[in-house]
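# Geometric and topological summary
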Amino acid sequence: MPEAPNLPDACDVAVVGGGPAGLAAATELKRHGVPRVVVLDREPAAGGIPRHCGHYPFGMREFHKVLRGPDYAGRLVARAEQAGAEIQTGVTVTDIQPGGILSLITPEGTGELQARRILLCTGVRETSRAARLIGGQRPQGVLPTGALQSLVYLEKMKPFARPVILGSELVSFSALMTCRHAGIAPQAMIEPNERVTARSFAQGLPKLLGVPVHLGCEIERIIGREQVEAVQLRDRKGRRWELACDGVLMTGRFTPEATLARMGHLELDLGTGGPRVDQDGRSSDPNVFVAGNLLRPVETAGWSWKEGLRVAQSLARDLEAPRAREVTLELQIQGDAIRYLVPQRVTLPLEEAALESIQLRVARPARGSLLIRSAGRILWGRRLSALPERRILLPLDVLKNAAPDHPVEVVFEEEEGL
Ligand SMILES: Cc1cc2nc3c(=O)[nH]c(=O)nc-3n(C[C@H](O)[C@H](O)[C@H](O)COP(=O)(O)OP(=O)(O)OC[C@H]3O[C@@H](n4cnc5c(N)ncnc54)[C@H](O)[C@@H]3O)c2cc1C
């Protein structure tokens, strides 16, 4: 393949992914005087997921306004360009190697970019039908929310008229709103757990829109030759029935878009599915940083934006003068109630951490005491009731009192009877 024209071959920071995290980071790096900052995105325009989300609410934290996704994305792009970042779209990064080397591919050809630092901001994706092990035929009309939103808001298409929505995370309600916008009438929301996953404010929406919610129920099989005709459902008691529909929206169950990290040389975290990082967003390669939803599934755009900004500040300091960090503490999850932690590692001293707290999610509804321990000593503790997919934040600064040569243990001591 020929070399792609107009691609830069060297820069100070290559930001992979032009969503809220990558654009915030690029803007902030320029504000800190970093000379050449290049943002690479495989899509024809930068903006990330919000570019596809024609609904509110985006932008409160960043612009103190409630914006639609595409307007929000446009403002982030404009800010980054005004700050002096170079945005290259239609460019897929296919590999990263030690020493800051990126392999690129565009419709015109291939290229290589040498960067002093790489910042990965490649976001998340929804779990596919195949990964959810749903049986049956393979008809048209099975989509994740992201694809539905691209079709509806960008292509002005209506892929089905009467789908079912699998999942009840916040994004499932975003799918519901997208359907409403397009004049699509969902037949039901289906949730394998016994309760709705999203926070309470979204829960009244299906009732308001006349969409039944089936809890404790799985889609076992998709039926249909050309287009979806029905789904076969199964509840916890083993009862099976068919529900007529012409599409299936596979919403949520996000996983970090960590293909580059996985194929490359970065250590991955089993809990998050993203690269392992310290409190500055630094991966196992000291020249590669990480921000936004690639750190974990899944946070809001505003949260990812803030992480981009803060990790960029650490990265800019690192470019000026890499700090000697002498002590590394590994954070270890004890027991199976905790699904993941971010960061997974802390390097001392702790000043000016980009990730200001330890982010935690539970694997299932749990009640009890959440503890941070070091060498048998409790550094911090709190009683709480926790639900999956809810943000839980633990203080990071207590780790300055941790024993230097022991791992830090994070444990959820559960009470019976939840
Ligand atoms: C359907 C849906 C609805 C949502 N609704 C809301 C909402 O109403 N409000 C809210 O606050 N949040 C919402 N969110 C969450 C929000 O969109 C995300 O939290 C936010 O976009 C995360 O930003 P990011 O920069 O980490 O990643 P993303 O926005 O996902 O951006 C990642 C970018 O990386 C690029 N990329 C990936 N791999 C490569 C590669 N190898 N080479 C080049 N480029 C690459 C992608 O093209 C993409 O542009 C929604 C999410 C979804 C999926």
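Residues numbered from 1 in each chain as written. Predicted model: local features only at pLDDT ≥ 70, side-chain atom pairs only at ≥ 80, totals over all residues. Heavy atoms only, no water.

### Considering unusual backbone geometry
Across the junction of Tyr56 and Pro57, the peptide omega takes the value -5°, indicating a cis bond. Secondary-structure assignment places Pro57 in the loop between strand E2 (37–41) and helix H2 (60–63). Omega for the bond connecting Val342 with Pro343 falls within 30 degrees of zero, at 0°, which places this linkage in the cis form. Here Pro343 shows up in the loop between strand E20 (338–342) and strand E21 (345–348). (Helix = DSSP H or I, 4+ residues; strand = E, 2+ residues; numbered from the N terminus.)

### Quick notes on the domain arrangement of the protein chain
Entries for the protein chain in the domain assignment read domain 1 (10–125 + 255–323), domain 2 (128–252) and domain 3 (329–414). Between domain 1 and domain 3 the total buried area reaches about 2,100 Å² when both faces are included, carbon and sulfur atoms providing 41% of it. Considering only the side of domain 1, the residues that lose the most area to domain 3 are Arg276, Gln279 and Arg310, jointly responsible for 30% of the buried surface there. The tally of links from domain 1 across to domain 3 stands at six salt bridges. Glu299 serves as the salt-bridge partner of Arg391, at 2.6 Å between the closest nitrogen and oxygen. Taken together, domain 1 and domain 3 are joined by 20 residue pairs in polar contact (both at pLDDT 80 or more). (Domains from an automatic or database assignment. Buried area = accessible area lost by both parts, 1.4 Å probe. Salt bridge = Lys/Arg side-chain N within 4 Å of Asp/Glu carboxyl O. Polar contact = N/O pair within 3.5 Å; in protein donor to acceptor, adjacent residues only side chain to side chain.)

### With respect to the sheet that holds strand E26 (residues 408–414)
What the five strands build is an open sheet, ordered E21-E19-E26-E23-E24; its pairing is mixed. The open sheet has two edge strands with one neighbour each: E21 and strand E24 (377–386). Strand-to-strand twist across the sheet, computed as the mean angle between neighbouring axes with direction ignored, equals 20°. (Pairing = 2+ DSSP bridges. Axes fitted to C-alpha atoms, helices over the stretch in contact; angles between N-to-C directions.)

### Details of the packing of helix H4 (residues 145–154) against helix H5 (residues 170–182)
The geometry of H4 relative to H5 is characterised by a closest axis approach of 10 Å and an angle of 25° between their N-to-C directions. It follows from the interaxial angle that H4 and H5 lie roughly parallel. Every pair of crossing elements has a handedness; the one defined by H4 and H5 is left-handed. The segment H4 lies against H5, with Thr145, Leu148, Gln149, Val152 and Tyr153 engaging Val171, Ser174, Ala175, Thr178, Cys179, His181 and Ala182. Residue composition of the contact of H4 with H5, by class: seven nonpolar, five polar and no charged. (Parallel < 35°, antiparallel > 145°, perpendicular 65-115°, else oblique. Left-handed = near helix turned anticlockwise from the far one by under 90°. Contact = heavy atoms within 4.5 Å. Nonpolar A, V, L, I, M, F, W, Y, C, P; charged D, E, K, R; others polar.)

### Details of the environment of Leu40
Examined against the element boundaries, Leu40 turns out to sit in strand E2. Overall, the relative accessible area of 2% leaves Leu40 in the buried class. Residues Leu40 and Ala10 lie 30 residues apart in sequence; the distance between their C-alpha atoms is 13 Å. (Buried < 20%, exposed > 50% of the residue type's maximum accessible area, 1.4 Å probe, protein only.)

### Considering the layout of surface pockets
Space inside the second largest pocket adds up to approximately 630 Å³. For the second largest pocket, the lining is made up of 28 residues, of which Glu191, Pro192, Asn193, Thr197 and Arg253 are closest to its centre. Looking at the lining of the second largest pocket, the element that brings in the most residues is strand E13 (residues 217–223), giving three residues. Looking at the lining of the second largest pocket residue by residue, the classes come out as 11 nonpolar, five polar and 12 charged. Looking at which domains feed residues into the lining of the second largest pocket, each of domain 2 (128–252) and domain 3 (329–414) supplies at least three. (1 Å grid on protein atoms, 1.4 Å probe; cavity = no way out; pocket = protein on both sides within 12 Å on 5 of 7 lines; lining within 4 Å. Points joined across faces, edges and corners; volume = space filled by probe spheres on them.)

### What to know about the pairing of E24
On a regular strand, each side chain points to the face opposite its neighbour's, so the side chains alternate between the two faces of the sheet. Across nine bridges, strand E23 (residues 366–374) lies against E24 in antiparallel orientation. By the bridge assignment, Arg367 is partnered in E24 with Ser385.

### Some remarks on the nonpolar core
One finds Val13, Val15, Leu29, Val34, Tyr72, Leu119 and Leu315 to be the most contacted residues of the largest nonpolar core, which totals 34 residues. When contributions to this core are tallied by element, the ones reaching two or more residues are strand E1 (10–16), helix H1 (20–31), E2, helix H3 (69–83) and helix H9 (301–320). The leading source of residues in this core is H9, at eight residues. In this structure Val13 touches Leu29, Val34, Arg36, Val37, Val38, Arg117, Leu119, Leu315 and Leu319, once residues within four positions along its chain are discounted. (Core = buried A, V, L, I, M, F, W, Y, C linked by side-chain atoms within 4.5 Å.)

### Remarks on the sheet that holds E20
Taken in spatial order, the three strands make up an open sheet running E20-E22-E25, and their pairing is antiparallel. Sheet topology places E20 and strand E25 (392–395) at the edges, where each strand pairs with a single neighbour. Averaged over neighbouring strand pairs, the angle between their axes works out to 30° when direction is ignored. Relative to strand E22 (residues 357–362), E20 is paired through four bridges, and the arrangement is antiparallel. Bridge pairing links Leu341 to Leu360 in E22.

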